[in-house]
Amino acid sequence: MTKKYKISAKDVDTRILAIYALDQLIDYIRTIDPDLKPDEATLLAAIALHSLPELFNDDPLLVNRFREAAAEIKRKKRNPNKDNS
């Protein structure tokens, strides 16, 4: 039996954004090696995503940047009408 759950419109929007970003990564990989077929570039993108935790562990500055970005997202959520500039 599969578990059914509701996905909010906001979740759908953020997933679409993630898919768009993945598509951009695949396009970028194909600029590195234009002879790659789309499925090959997609496989390399999957490998890159799978490798991200190790990259984060090796680069504390990158982790801090993500922490700062997460804090900014949460700050905007708490103060949605405040000027974010």
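Residue indices follow the written sequence of each chain, beginning from 1 at its first position. Where local features are concerned, this predicted model is filtered to residues with pLDDT of at least 70; where side-chain atom pairs are given and counted, the filter is 80 or more; whole-chain, interface and lining totals use all residues. Working from all heavy atoms in the structure, the side-chain values ignore hydrogens and water.

(A) The overall build of the protein chain, seen in detail. Looking only at helices and strands, one finds three helices and zero strands in the protein chain. What counts as a helix is a DSSP run of H or I of at least four residues, what counts as a strand is a run of E of at least two, and both are numbered from the N terminus. Reading the protein chain from its N end, one meets helices and strands in the order α-α-α. We take the radius of gyration over the C-alpha atoms and set the globule estimate at 2.2 Å times the residue count to the 0.38 power. Relative to the 2.2 N^0.38 estimate, which gives 12 Å for 85 residues, the radius of gyration of the protein chain is 17 Å and therefore markedly larger than a compact globule would have. In terms of overall dimensions, the protein chain has C-alpha extents of about 50 × 40 × 30 Å along its principal axes. For the protein chain, with 85 residues in total, the buried portion stands at 8%. As displayed, the protein chain offers around 7800 Å² of accessible surface, 60% of which is attributable to carbon and sulfur atoms. The charge count includes Lys and Arg as positive and Asp and Glu as negative, but it does not include His or the ends of the chains. Just so you know, the charge point we use is NZ for Lys, CZ for Arg, CG for Asp and CD for Glu. Charge-centre separation for the protein chain: the mean point of 15 positive side chains lies 14 Å from the mean point of 14 negative side chains. Three labels apply to residues, based on accessible area from a 1.4 Å probe with only protein chains included: buried if under 20% of the type maximum, exposed if over 50%, partly exposed otherwise in between. For accessible areas, the Shrake-Rupley method is used with a probe of radius 1.4 Å. Any residue's cover is judged against the shown protein chains and nothing else.

(B) Geometry of the nonpolar core. Here, nonpolar core means buried Ala, Val, Leu, Ile, Met, Phe, Trp, Tyr and Cys residues that are tied together by side-chain atoms lying within 4.5 Å of each other. If you look at the biggest cluster of nonpolar residues, it comprises five residues: Ile26, Ile29, Leu36, Ala41 and Ala45. For this core, the secondary-structure elements that each account for two or more residues are helix 1 (9-32) and helix 2 (38-58). Those residues in contact with Leu36 that lie beyond four places of it in its chain are Ile29, Arg30, Ala41 and Leu44. We call two residues in contact when some of their heavy atoms are within 4.5 Å.

(C) Region of interest: a positive patch on the surface. Only residues above 30% relative accessible area that lack a salt bridge enter a patch, with like-charged residues linked at up to 9 Å and the nonpolar side chains Val, Leu, Ile, Met, Phe, Trp and Tyr linked at up to 5 Å. By salt bridge we mean one thing: a side-chain nitrogen of Lys or Arg within 4 Å of a carboxyl oxygen of Asp or Glu. Together, Lys10, Lys74, Lys77 and Arg78 make up a positively charged patch on the protein surface. For the positive patch, the leading source of residues is helix 3 (residues 60-78), giving three residues. With respect to the secondary-structure elements, Lys10 resides in helix 1. Given the relative accessible area of 59%, Lys10 is considered exposed.

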